[in-house]
Amino acid sequence: MQEMSEVFWGMFLTTTIGLLLALSKVCYKSKCSTIDLCCVKITRNIEAEVKEDLELGNTEESKK
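Our subject in this report is the structure included herewith. (Residues numbered from 1 in each chain as written. Predicted model: local features only at pLDDT ≥ 70, side-chain atom pairs only at ≥ 80, totals over all residues. Heavy atoms only, no water.)

## Description of the overall build of the protein
Looking only at helices and strands, the protein has 2 helices and 2 strands in total. The buried share of the protein, reckoned over its 64 residues, is 3%. (Helix = DSSP H or I, 4+ residues; strand = E, 2+ residues; numbered from the N terminus. Buried < 20%, exposed > 50% of the residue type's maximum accessible area, 1.4 Å probe, protein only.)

Pasting the structure below:
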């Protein structure tokens, strides 16, 4: 019976971490300037992020 509990918590933990990583990836790519979630408000400078992404894209293309 103890083995089932360990398997459950292992699967639950890895699934939760995977969902959080996927959610953070979607939030980063969304390029929204403000995000309101419950009582948390996040304001980002997306212009700097877009500029950095373009610079990284240019350096990756030059490596090819």
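The rest of the description comes next.
## Notes on the packing of aromatic side chains
Going through the model one piece at a time under the given rule, you end up with 3 aromatic pairs. Ring centres 6.0 Å apart and planes at 20 degrees place the aromatic pair Phe8 and Phe12 in the stacked group. Pair noted here: Phe8 and Phe12 are both in helix α1 (residues 2-30), with a separation of 4 residues, about one helical turn. A residue is classified by how much of its surface remains accessible, and Phe12, at 44% relative accessible area, is partly exposed. Ring centres 5.5 Å apart and planes at 90 degrees place the aromatic pair Trp9 and Phe12 in the edge-to-face group. Linking Trp9 with Phe12, this pair stays in helix α1, spanning 3 residues, or about one helical turn. (Phe/Tyr/Trp six-rings, centres within 6.5 Å; stacked < 30°, edge-to-face > 60°.)

## Some words on the pairing of strand β2 (residues 40-43)
Note: strand β1 (residues 34-37) against β2, 4 bridges, orientation antiparallel. When the bridges of β2 are listed, Asp36 appears paired with Lys41. Between β1 and β2, which pair antiparallel one after the other, the connecting turn spans 2 residues, and Cys38 there sits at a positive phi close to 55 degrees. (Pairing = 2+ DSSP bridges.)

## Concerning the side chain of Arg44
Inspection of the secondary structure assignment puts Arg44 in the loop between β2 and α2 (46-63). Overall, Arg44 belongs to the buried group, its relative accessible area being 17%. Residues within four places of Arg44 in sequence aside, it is in contact with Cys27, Tyr28, Ser30, Lys31, Cys32, Ser33 and Glu49. (Contact = heavy atoms within 4.5 Å.)

## Let's talk about the state of the cysteines
Inspection of every chain in the model, using the stated rule, returns 0 disulfides. For the unlinked cysteine Cys38, the closest cysteine sulfur is that of Cys39, found at 6.3 Å. Owing to a relative accessible area of 77%, Cys39 belongs among the exposed residues under this scheme. (Disulfide = S-S within 2.5 Å.)

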